[in-house]
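# Fold and contact review
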Amino acid sequence: MKQKGFDYLKKITAVDYTDRIEVLYFLYDTASAKSDIVKVVLNPTDPAVPSVLRLYKSADWYERELAEMFGVKITGRRTKRLLLEKWNGVDAPLRKSFVWGSDYKKSGAD
Amino acid sequence: MPIMRINVGPIHPSTHGVLRLVVDLDGDTVKNVEPHIGFLHRGVEKLLETRMYMQNPSYLEKLDYIAPLSWDELYVSAVERATGIPVKERAQYARMILLEFQRIASHLLWLGTFCNDVGQLLTMFTWCFRDRAAVLKLLEDVSGSRMFYVNMRLGGLDRDLPADFAKRAYDLTEYLEKKISEYKDVVEGDSVFMGRTKGIGVLDRNEAINIGVSGPVLRAAGVSEDVRKSQPYYFYDKVKFKLPIGFKSDSYDRYRVRYEEMFESIRIIRQALDLMPETGDVKGLPIKLIGPNANPDPVQISRELPRGEGMIYMIPDKQRPARISLRSPAFINLAALAAMSKETKFADLFVIMGSLDIVLAEIDR
């Protein structure tokens, strides 16, 4: 995609459809103002995508966020540190299986 | 000398919020910066999935408490696109005017605090806040609230505009133009400001694109990119305005771009006031806690926020959105901090960070 002129990665995000996880890459061409979306469909049991950090530096924080919020493994990158560091790395809070507020009860904070 | 590791924050007056930086220093020279974020994380994206459509704008506004109206409008536009509700013509102009006023207010607050960061104490801070208060007063009279407006409704605004809105808005632009012109001598005539911003925090053009910064930071790197030009919304294609760009891509250029942008916003407001239909209704639909008849096609919508390009990717559902993904411009601008501040002095780190115009609430979400 980068060879086609898409030199700007706007955002990486994911959507959990419960039967599948879609990882979306929003690409943009600053010269011609064209945009495109690359969609990767993953199996929800053990999702993993290769890192695009070598092509786009903007992927760095987005990939860490993806790993933290959706439990999607990012293969082939050095920094494994999560982005917000508040989660244990086991719960994936933006998955549909994660119920809003359940971590609050679990932590026993009142 | 051995590398020394210093911890800055999370509570620190120069970080404009709760941000922790781990800085590797060789003497006084910054070798590496690693921002640690997440102290203000509230799980907004998950929270939005649990609320009905029109309960959400209030949460979106708290993302960026300096320019709340911009996020409000971005979200409501996404819902409008999902449901196919058209916006009234007068309301479209009114939204343009309010958004540009919001942009001026945001840039004024940034300029005041940035001058504080640089070391030009309090003159610009008080002047900018004085003039920002005049803008907030107008926004308050339109929406009924001073900080968090929650003024957008599907198809229009919450309430009708005040009777003398056009005259007051026009007078306000004249006042602002006069006052903002005065800033230039104070800021650029100051050798401290110029010495501490010129040539500091340079971000190469290609690297700026690769890192993915947006808004004034990208334009200061010489890229003429603005959502208002590349994908015009409302009547931005009918009004004339320039995109100020920088050439050296240092902190001074980022100041310069924002400074010029305020005058461009004033131009947009005046043209929009002339083009706006004299009479008509701007009221949108009342808030009803029922889901719109949304088709489940994903909605992708972009807006030029004061800090850069904001984007919402929404999967609509009947009662509430199934997924909302937010692209916050300050998030990725902060990610560029490490690239900008390598091999600079430690004292310049906060000038560079100030020139990025970050809001931590929007970064952590």
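Below: a short report on this structure. Just so you know, these numbers come straight off a predicted model, no measurement behind them. (Residues numbered from 1 in each chain as written. Chains lettered and ligands numbered in written order. Predicted model: local features only at pLDDT ≥ 70, side-chain atom pairs only at ≥ 80, totals over all residues. Heavy atoms only, no water.)

## Examining empty space enclosed by the protein
Following the criterion strictly, the structure yields three cavities of 30 Å³ or more and no others. If you add up the space inside the largest cavity, you get close to 80 Å³. In this structure, the largest cavity is lined by 13 residues; those nearest its centre are I12, T13, E65 and F70 of chain A together with R323 of chain B. Contributions of two or more residues to the lining of the largest cavity are made by β1 (8-16) and α1 (59-70) of chain A together with β10 (323-327) of chain B. For the lining of the largest cavity, the element with the most residues is α1 of chain A, which contributes five residues. Among the residues forming the lining of the largest cavity, the class breakdown is seven nonpolar, two polar and four charged. Reported here for the second largest cavity is a volume of approximately 60 Å³. (1 Å grid on protein atoms, 1.4 Å probe; cavity = no way out; pocket = protein on both sides within 12 Å on 5 of 7 lines; lining within 4 Å. Points joined across faces, edges and corners; volume = space filled by probe spheres on them. Helix = DSSP H or I, 4+ residues; strand = E, 2+ residues; numbered from the N terminus. Nonpolar A, V, L, I, M, F, W, Y, C, P; charged D, E, K, R; others polar.)

## Digging into the pairing of β1 of chain A
Counting buried positions over the nine residues of β1 of chain A gives nine, a clear majority of the element. The antiparallel pairing of β1 of chain A with strand β2 (residues 21-29) of chain A creates a hairpin that spans four residues between the two strands, and T18 of chain A there sits at a positive phi of about 65°. (Buried < 20%, exposed > 50% of the residue type's maximum accessible area, 1.4 Å probe, protein only. Pairing = 2+ DSSP bridges.)

## Quick look at the packing of helix α5 (residues 123-143) of chain B against helix α6 (residues 165-188) of chain B
Residue and element names in this part refer to chain B. At a closest axis distance of 11 Å, the pairing of α5 and α6 adopts a crossing angle of 170°. Considered as vectors, α5 and α6 are oriented roughly antiparallel to each other. Side by side, α5 and α6 meet where T123, M124, W127, C128, R130, D131, A134, V135, K137, L138, D141 and V142 of the first sit next to F165, R168, A169, L172, Y175, L176, K179, E182, Y183, V186 and V187 of the second. (Axes fitted to C-alpha atoms, helices over the stretch in contact; angles between N-to-C directions. Parallel < 35°, antiparallel > 145°, perpendicular 65-115°, else oblique. Contact = heavy atoms within 4.5 Å.)

## Notes on unusual backbone geometry
Residue and element names in this part refer to chain B. The backbone of V150 sits at a positive phi, close to 45°, despite the residue not being glycine. Mapping V150 onto the fold places it in the loop between α5 and β6 (152-153). Although it is not a glycine, S249 sits at a positive phi angle of roughly 60°. Locating S249 in the fold gives a position in the loop between α10 (227-230) and α11 (251-275).

## Details of the interface of chain B and chain A
At the junction of the two partners, chain B supplies 41 residues and chain A supplies 36 residues. A buried area of about 3300 Å², summed over both sides, lies between chain B and chain A, and 57% of it is on carbon and sulfur atoms. At the boundary of chain B and chain A, one finds two salt bridges. For the pair chain B and chain A, the interface holds 14 residue pairs in polar contact (both at pLDDT 80 or more). Listed by contribution, the elements that provide at least two residues to the side of chain B that touches chain A are β5 (29-36), α1 (44-49), α8 (205-211), β8 (299-305), β9 (308-315), β10 and α12 (329-335) of chain B. (Buried area = accessible area lost by both parts, 1.4 Å probe. Salt bridge = Lys/Arg side-chain N within 4 Å of Asp/Glu carboxyl O. Polar contact = N/O pair within 3.5 Å; in protein donor to acceptor, adjacent residues only side chain to side chain.)

## Digging into α11 of chain B
Owing to its 3.6 residues per turn, the α-helix brings residues three or four apart onto one side. Here α11 of chain B contains 25 residues, and its C-alpha end-to-end distance of 36 Å stays within 8% of the 36 Å for a straight helix at 1.5 Å per residue. With 19 of 25 residues buried, α11 of chain B lies mostly within the body of the structure. (Expected span 1.5 Å × (residues − 1).)

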